[in-house]
Structures are given as structure tokens and as C-alpha cells.
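Working through the structure, step by step
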Amino acid sequence: MGAVIGYTYEWNKGAKEPFIKIRDIATKELIKCTYSNSDYQNVSKLFENKESLVTVYGLVIYDWVNNKTELKNATSFEVSPPPLNSDEYHSFFGCAEGMSGDLDSAEYVRKLRGE
């Protein structure tokens, strides 16, 4: 069992064994992921936003003959939240006041690293 993390690329719902293809974030390989017809609604959510990073879980196999990774019988599907915009990112700064005591951020990091 394993997972494929990447971006949606293709959806074939008319095949004998329906599948989607995910562009793997690490290898850039297109990975075919088969799923059960009962998961149609879960799969449709993966395609709601083409920029979303998705994770598909199932049986990951490597086809040595065709030199390809495949995911068989997907069991679970997740869509990652969209990335933070600049304002959201900067709103985190200062949210944990006092975390570093009397040290500024750079001193605190050096102390954690044992420097």
C-alpha cells in the first residue's frame, strides 16, 4: 500500500476499469490510478481545482516490462488546501509571542541547533 502525490492530469471514466492519471510531484511521471465506480464522487472532487495538489492511496506497483509505476484499486482520495497567499503567510509571523523567551528568532534557531 502506498500513495501518489501530484496534480490531476487525465480522467477516463468510460473504461472497463475507470482510471485517472496523476503527474507525480517528485518524479514528474504520469501515474495511472484505477478506482472503483463507487468512488466516482471522491474522484470528481480531485478535479474541482486544477491547481490543487492531490493524494491518491492504494496498491502501488511497478511494471518492470513497461517501466511504469501504477496505483491499483485506489482506496482513498485527498485534496490539499490551496497554498497560502502573501497576506495569509505573513499573518503567521508573531502568532506565538514569547515562544523564544528573551531571544530573537536567529538566536533561538542557533540555540536549537546547538551552536
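What comes next concerns the included structure. This one's a predicted model, so the numbers in the text were calculated from it and none came from an experiment.

Calculation criteria
- Residues numbered from 1 in each chain as written.
- Predicted model: local features only at pLDDT ≥ 70, side-chain atom pairs only at ≥ 80, totals over all residues.
- Heavy atoms only, no water.
- Helix = DSSP H or I, 4+ residues; strand = E, 2+ residues; numbered from the N terminus.
- Buried < 20%, exposed > 50% of the residue type's maximum accessible area, 1.4 Å probe, protein only.
- Patch = residues over 30% accessible without salt bridge, like charges linked within 9 Å, V, L, I, M, F, W, Y side chains within 5 Å.
- Areas by Shrake-Rupley, 256 points an atom, 1.4 Å probe, with all protein chains shown as cover.
- Salt bridge = Lys/Arg side-chain N within 4 Å of Asp/Glu carboxyl O.
- 1 Å grid on protein atoms, 1.4 Å probe; cavity = no way out; pocket = protein on both sides within 12 Å on 5 of 7 lines; lining within 4 Å.
- Points joined across faces, edges and corners; volume = space filled by probe spheres on them.
- Nonpolar A, V, L, I, M, F, W, Y, C, P; charged D, E, K, R; others polar.
- Pairing = 2+ DSSP bridges.

Let us look at unusual backbone geometry. A positive phi is found at K28, a non-glycine position, where the angle reads about 70 degrees. Mapped onto the elements of the fold, K28 is located in the loop between β2 (19-24) and β3 (30-34). Look at K28 and you get exposed, because its relative accessible area is 52%. For N73, which is not glycine, the phi dihedral falls at a positive 55 degrees. Considering the arrangement of structural elements, one finds N73 in strand β5 (residues 68-79). In this structure N73 comes out as partly exposed when scored by relative accessible area, which is 49%.

The subject of this paragraph is a nonpolar patch on the surface. Side chains of L84, Y89, F92 and F93 sit close together on the surface and give an oily, nonpolar patch of about 470 Å² of accessible area. Note that Y89 resides in helix α2 (residues 86-90).

All right, on to the layout of surface pockets then. The volume enclosed by the largest pocket comes to roughly 160 Å³. A96, E97, G98, M99, S100, S105, Y108 and V109 together form the lining of the largest pocket. In terms of residue class, the lining of the largest pocket is made up of 4 nonpolar, 3 polar and 1 charged.

What follows is about the pairing of β3. Sheet topology places β2 next to β3; 5 bridges connect them, and they run antiparallel. Note that in β3 the partner of I22 across the bridge is I31. The turn joining β2 and β3, which pair antiparallel and follow one another in sequence, is formed by 5 residues; a positive phi near 70 degrees is taken by K28. Where β3 meets β5, 2 bridges bridge the pair, whose relative direction is parallel. Residue pairing for β5: C33 is matched across the bridge by L71.

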